[in-house]
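Residue-level structural notes
Here's the letter readout for the chains.
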Amino acid sequence: MSETTEVIKELLESLQLDGNYRTASLELLEKGESRYIRDLKVNFASTLTSEHLSAKEIGLIGVSIAVNANNKPLTDFYTRFAEQNEATAAEIAEAAACASLLASNNVFYRFRHFTQKEKYTQIPARIRMQIMMKPITGKEFFELISLAVSAVNGCEMCVNSHEDSLIKLGAKEERIFDAVRIASLITATGKVIY
């Protein structure tokens, strides 16, 4: 067994997937004996720890980012991780709901930002967002997940809005940074594990 295949197997085991599981991306990395697979394994492992987020929060961010990417293996993994760290079914559902809501908001507000037409800011959005009013996970954490999903989806207007709300709610910049760092690494993992 090559070193690359061994590292792939270790990565898959850490995700609780069968060692023989393969995607087209994994096959390319394995065939080319890419050194990147070692980086991916280390980067994935680093999504599971933070000085600024609890393990439960990491799990919930993971669920939201994986749902946003429609990635079943990662959704399953981070759901189990969140559950093991005392996340309730309602909190996990809210993380999934956040991904769905932000998918619509990110498209809508990116459109407004790209066009920069005053007229579009005057027309009501007509997007129901009641979940944002009294989130089960708390306003600060819901804003944090919203920021992470918005960063992944590339909505500058939403990123700025959620980051501003977080600062006003007393969130530390290190906490915000770590949430986005973790979201970026989950996104990278999802390009290979899907």
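Scroll up a little and you will see the structure.
Given the structure is predicted, the values throughout are model-derived calculations rather than measurements.

Looking at the environment of Ala 97
The residue Ala 97 is located in helix H6 (residues 89–115) in this model. Given a relative accessible area of 28%, Ala 97 falls into the partly exposed group. When the C-alpha positions of Ala 97 and Val 107 are compared, they lie 16 Å apart, and in sequence the two are 10 residues distant.

Some thoughts on the nonpolar core
Judged by nonpolar contacts, the single largest core of 46 residues is most densely connected at Leu 15, Ile 37, Leu 60, Ile 61, Leu 144, Ile 145 and Ile 193. Those elements that place two or more of their residues in this core are helix H1 (3–14), helix H2 (24–31), helix H3 (36–46), helix H4 (55–68), helix H5 (72–84), H6, helix H8 (139–153) and helix H10 (173–190). Sorting elements by how many residues they give to this core places H8 first, with seven residues. Beyond its immediate stretch of four places on either side in the chain, Ile 37 contacts Thr 4, Val 7, Ile 8, Leu 11, Leu 26 and Leu 29.

Brief notes about H6
End to end, H6 covers 39 Å across 27 residues, agreeing with the expected 39 Å (1.5 Å per residue, within 8%). The set of residues buried in H6 consists of Glu 91, Ile 92, Glu 94, Ala 95, Cys 98, Ala 99, Leu 101, Leu 102, Asn 105, Asn 106, Tyr 109 and Arg 112. Trailing H6 by a residue or two, Gln 116 shows a phi angle of about 50 degrees, which is positive.

A look at the packing of aromatic side chains
On inspection of all chains with the given rule, the structure shows six aromatic pairs. Aromatic side chains Phe 77 and Tyr 78 sit 5.0 Å apart centroid to centroid with 90 degrees between the ring planes, which places their arrangement in the edge-to-face category. Pair check on accessibility: Phe 77 and Tyr 78 agree, each one buried. What links up through ring pairs into an aromatic cluster is the set Phe 44, Phe 77, Tyr 78 and Phe 81.

Quick look at the pattern of salt bridges
All chains considered together, the criterion is met by 10 salt bridges. Across the pair Glu 140 and Arg 175 runs a salt bridge whose closest N-O atoms are separated by 2.8 Å. Of the two residues, Glu 140 sits in helix H8 while Arg 175 sits in helix H10, which places them 35 residues apart along the sequence. The class for Arg 175 is buried, based on a relative accessible area of 13%. Each of Glu 57, Glu 140 and Arg 175 takes part in one network of salt bridges that share partners.

The rules behind the values
In this convention, every chain numbers its residues from 1, walking through the sequence in written order. Since the coordinates come from a predicted model, pLDDT governs what is reported: local features require at least 70, and pairs of side-chain atoms require 80 or more to be given and counted, while whole-chain, interface and lining totals use all residues. Just so you know, side-chain values use all the structure's heavy atoms and leave hydrogens and water out. We count a stretch as a helix when DSSP gives it H or I for four or more residues in a row; a strand needs E for two or more, and each element gets its number in order from the N terminus. Throughout, exposure labels follow a simple rule: accessible area from a 1.4 Å probe, protein chains only, divided by the maximum for the residue type, with under 20% read as buried, over 50% as exposed, and the rest as partly exposed. We define the nonpolar core as a collection of buried residues of types Ala, Val, Leu, Ile, Met, Phe, Trp, Tyr and Cys that are connected through side-chain atoms lying within 4.5 Å of one another. Whether two residues touch is decided by their heavy atoms; if any such pair falls within 4.5 Å, the residues are in contact. Helix span, as expected, comes to 1.5 Å for every residue beyond the first. Centres within 6.5 Å are what make two rings of Phe, Tyr or Trp a pair, Trp counting through its six-membered ring; a difference in plane orientation under 30 degrees is then read as stacked, over 60 as edge-to-face, and the rest as tilted. A pair is scored as a salt bridge if a Lys or Arg side-chain nitrogen falls within 4 Å of a carboxyl oxygen belonging to Asp or Glu.

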